[in-house]
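Here is what each chain is made of, one letter per residue.
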Amino acid sequence: MVTLASLCRRIGGAESAERAAQNARQAQRLLAACFAAGFLALSVQITRYGMTPSEMPSLSSQSAPVALAKGRPDIVDRNGRLLATDIRVYWLVANPSQIVNPDDAAEKIVALFPDLDQGALARKFRDKNSRFEYVKRGLTPKQAEAAHALGIPALSLMPTVQRVYPAGNVAAHILGITNVDNEGRSGVEWYIDQKLGTQLTPTSLAERPIVKLSLDLGVQHALTDELSKAMERYNAQAAMGIVLDVRNGEVVASASLPDFDPNRREQAAGQNRQNRVVTDVYELGSVFKSLTIAMALDQGVATRYEIFDATPFKLGRFTMRDPHASRRTYSVEDIFIHSSNTGSARIALAVGGERQQAFLKSLGLFDKLDTEAGSSPTPVFPKMWRPVNVATVAYGHGIAVPPLLFASAMASLVNGGERVKPTFLISEKNANDEPQRVISPETSATMRDLMRAVVERGTGRKAAVQGLGVGGKTGTALKVKEGRYSSDVINSFVAAVPIDQPRYLVMITIDEPHAEAGSRSNESSQNAAPTAGAIIKRIAPMLDILPTPRFDEAAATSYEQPAPYDARRAPYRKNRYETGGSDQGYSAYSQPRQPPAYGYRDERGGPRSGGGYQYSGDPRDFWSYRR
């Protein structure tokens, strides 16, 4: 037997026993020092890995591919509430060439993870030419510990990260999804990869940067919840909604139903994945009359109280009819309040096709919309702008746009006339940026007043919220299916709140709603308007919109406030709201059919200021359209 002492004697030559023992002690001290140094180095390395777990190397075999998912920044709402983050997970992998009993190994693993296919797993393990196979991804630390406890030498655990969404379905379409490698595939997740790139790539889980969205999680939840209730109540195919800050274009909430849970990628398939607010285009119907009236008012073609014929008329081979106008004349105000198609068409024809196109273009309604949550297709509009197109576009048919793009156009109409660009990030407005004006502040003020009247005494009465100033416009459009108009409808309601000084615009769209039991109507006034009212009632406290404390002139409706004296209307101002005097409030309901001193041609007294109309002399129908 060779001992340490004898080995030292052989190396050092024949010496005394005392010299050999001394050499042995030196060898022992050297060996102990080596063990101590190795143990110290191992301890330091283990401590370092414990402090920085993201740097821990893969435990898989050397032949395994590099497949660790990349880290991503956290996404939070405007108040810092977490919407998306990375968590540590593990991938369970195997080396089939080292598995002695494939069937036994597959049985043990499936007992731990019943969602796996035992037969398919056993076939993988029998392939002795394979050196690497994925068994299961996304294991929690507890699951990883259980897999390690199986004691199968060929199994390995690879630490990595996985994206999770604490809010679940809420804001799913805005946030988007990632793939198994944690790469963004849609929504803000895709935007982070494509636009922000490596500047937001975290170095470790503890050093993740933050992407702050303009969304408010509380408002987002209320919007999604009320839309879900509306879908069930009206048996609708889909529903969508937007809450937009009219001052800077920030999207405070945006929902598209049906939706999905981004934590479960299998749900993000087919129509559930569609972000209808951004990526789809629709004919929105009568909400477009807001643009028509604003255009005519701003360009001086008509005034709020000017009279237009709202009776049916022919335009080429087409006949324009109106379910809301009972074969009579209307003021511009009443055309808007009662949503007259024929009246709106005549107003647009008075403006003309060229100016109509220019106005819609100034609002961005012909352009593709690019946002952080996705891009829209180019809006659909007539290639040839004939008179019939002028007329139909006036009430929202023949032109299809994404709801978010239309909401931004409406924001420009109520915010004083400045164009805004929708954004899902906190807006960083440059003080040097000149706002693009699309209408005058005076026209914007008139539009706010008209939208208030729609809710107080028009088609939007069911959107009213007690104590809050709400203004809006209804819209019901026939859906196009297979290139033809069908009997199904898509209903919208767009509202501004508080209407005297709007801060937020709320737009609701319900796809193919059905009439409630006991009702024959499935128009916007019966479903989209009350849904918008319910949403506004819930979100107003979250957005610091306070109710009117008492009834005074600031809270009075437009027809209850004293109107400025105007000699042209003084003789016929009497209405059921007045107590006497020629300078009391004015109501368009009680106007006699007497032409104002502008915007028409009086054949008895000669031309005054044009406008394309003539007085027929018949008191029953004194306006007639003349091309």
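Once a new chain begins, its residue numbering starts again from 1 and follows that chain's sequence as written. It should be noted that, the model being predicted, local features are given only for residues of pLDDT at least 70 and side-chain atom pairs only at 80 or more, the latter also being counted only at that level, while totals for whole chains, interfaces and linings use all residues. Values reported for side chains reflect all heavy atoms of the structure, with hydrogen atoms and water molecules removed beforehand.

Caption draft 1: Examining the overall build of the protein chain more closely. Across its full length, the protein chain holds 17 helices and 20 strands. Residue exposure (1.4 Å probe, protein chains only): buried if accessible area is under 20% of the type maximum, exposed if over 50%, otherwise partly exposed. A total of 627 residues make up the protein chain; the buried ones form 51% of that total. Per-residue accessibility takes into account occlusion by the displayed protein chains alone, with areas from the Shrake-Rupley method and a 1.4 Å probe. Entry remark: accessible area of the protein chain is about 30,100 Å², with carbon and sulfur atoms responsible for 51%. Helix and strand definitions here come from DSSP, where helices need a minimum of 4 consecutive H or I residues and strands a minimum of 2 consecutive E residues; each element is numbered from the N-terminal end.

Caption draft 2: Structural context of a nonpolar patch on the surface. Patch membership needs two things, relative accessible area over 30% and no salt bridge, and members are linked within 9 Å if like-charged or within 5 Å if nonpolar (Val, Leu, Ile, Met, Phe, Trp, Tyr). In what follows, salt bridge is the name for a side-chain nitrogen of Lys or Arg lying within 4 Å of a carboxyl oxygen of Asp or Glu. On the surface, Leu 478, Val 480 and Tyr 485 cluster together into a nonpolar patch covering about 260 Å² of accessible area. Topologically, Tyr 485 is positioned in strand β15 (residues 484-497). When its relative accessible area of 43% is taken as the criterion, Tyr 485 is described as partly exposed.

Caption draft 3: Quick peek at helix α15 (residues 403-414). The end-to-end C-alpha distance of α15, which contains twelve residues, comes to 17 Å, matching closely the 16 Å that a straight helix rising 1.5 Å per residue would cover. In terms of burial, α15 is largely enclosed, as twelve of its twelve residues are buried. Taken together, the buried positions of α15 are occupied by Pro 403, Leu 404, Leu 405, Phe 406, Ala 407, Ser 408, Ala 409, Met 410, Ala 411, Ser 412, Leu 413 and Val 414. Phi turns positive one or two residues past the end of α15, at Gly 416, with a value near 105°. Here a helix's expected span is defined as the number of its residues, less one, multiplied by 1.5 Å.

Caption draft 4: Inspection of the packing of helix α12 (residues 341-351) against helix α14 (residues 387-394) at higher detail. It is the contact of α12 with α14, at a shortest axis distance of 8 Å, that shows an interaxial angle of 130°. Taken together, the axes of α12 and α14 lie oblique to each other. Every pair of crossing elements has a handedness; the one defined by α12 and α14 is right-handed. On α14, the residues touching Ser 344, Ala 345, Ala 348 and Leu 349 of α12 are Pro 387, Val 390, Ala 391 and Ala 394. Think of each axis as a best-fit line through the C-alpha atoms, taken over the contacting stretch in the case of a helix, with angles from 0 to 180 degrees between the N-to-C directions. Under this scheme an angle from 65 to 115 degrees is roughly perpendicular, one under 35 degrees roughly parallel, and one over 145 degrees roughly antiparallel; angles in between are oblique. Each crossing gets its hand from how the near helix is turned against the far one by less than a right angle, where anticlockwise is left-handed and clockwise is right-handed. Two residues qualify as a contact provided that any one of their heavy atoms is within 4.5 Å of a heavy atom in the partner residue.

Caption draft 5: Structural detail: the environment of Ile 174. Along the chain, Ile 174 falls in helix α6 (residues 172-175). In this structure, the C-alpha to C-alpha distance between Ile 174 and Ser 186, residues twelve residues apart in sequence, is 8.5 Å. If we skip the residues at most four places from it in the chain, Ile 174 touches Gly 187, Val 188, Leu 215, Ser 254, Asn 275, Ala 373 and Phe 424.

Caption draft 6: Just the side chain of Lys 289, in detail. Structurally, Lys 289 is set in helix α10 (residues 289-298). Within polar-contact distance, the side chain of Lys 289 engages the side chain of Asn 341 at 2.6 Å. The residues contacting Lys 289, other than those within four sequence positions of it, are Phe 336, Ser 339, Ser 340, Asn 341, Ser 344, Ala 394, Tyr 395 and Lys 473. Nitrogen and oxygen atoms within 3.5 Å of one another constitute a polar contact, given that in protein one can donate a hydrogen and the other can accept it, and given that sequence-neighbouring residues count only through two side-chain atoms.

Caption draft 7: View of unusual backbone geometry. The omega torsion across Leu 257 and Pro 258 is 5°, close enough to zero to call that bond cis. As for its position among the elements, Pro 258 is in the loop between β7 (251-257) and α9 (276-279). Cis geometry is found at the peptide bond from Val 497 to Pro 498, where omega equals -15°. Tracing the backbone shows Pro 498 in the loop between β15 and β16 (504-511). Phi is positive for Glu 512, which is not a glycine, with a value near 55°. Within the element layout of this structure, Glu 512 appears in the loop between β16 and α17 (528-539).

Caption draft 8: Representation of the environment of Lys 289 within the structure. A relative accessible area of 0% places Lys 289 in the buried class. The spatial distance from the C-alpha of Lys 289 to the C-alpha of Ser 340 is 8.8 Å, given a sequence separation of 51 residues. A distance of 2.8 Å separates a polar side-chain atom of Lys 289 from the backbone oxygen of Ser 339.

Caption draft 9: Structural detail: the nonpolar core. Throughout, nonpolar core names a set of buried Ala, Val, Leu, Ile, Met, Phe, Trp, Tyr and Cys residues whose side chains join them through atoms within 4.5 Å. Grouped together as the largest cluster of nonpolar side chains are 90 residues, with contacts concentrated most on Ile 75, Leu 213, Leu 291, Leu 360, Leu 365 and Phe 406. When residues in this core are grouped by element, the largest group, nine residues, is from α15. If sequence neighbours within four positions are ignored, Leu 365 has contacts with Phe 288, Leu 291, Leu 360, Pro 379, Val 401, Leu 405, Phe 406 and Ala 409. Ranked by size, the runner-up nonpolar core spans 35 residues in total, among them Ala 230, Tyr 234, Ile 539 and Leu 543.

Caption draft 10: Broad picture of the confidence of the model for the protein chain. With 77% of its residues at a pLDDT of 70 or more, the protein chain shows a mean pLDDT of 81. As a per-residue measure, pLDDT tells how confident the predictor is, with possible values from 0 to 100. Averaged over each element, pLDDT in the protein chain is lowest for strand β20 (residues 623-625) (32) and highest for α10 (98). This model gives residues 551-627 a pLDDT under 50, and the stretch forms 136 contacts once residues within four places in sequence are excluded.

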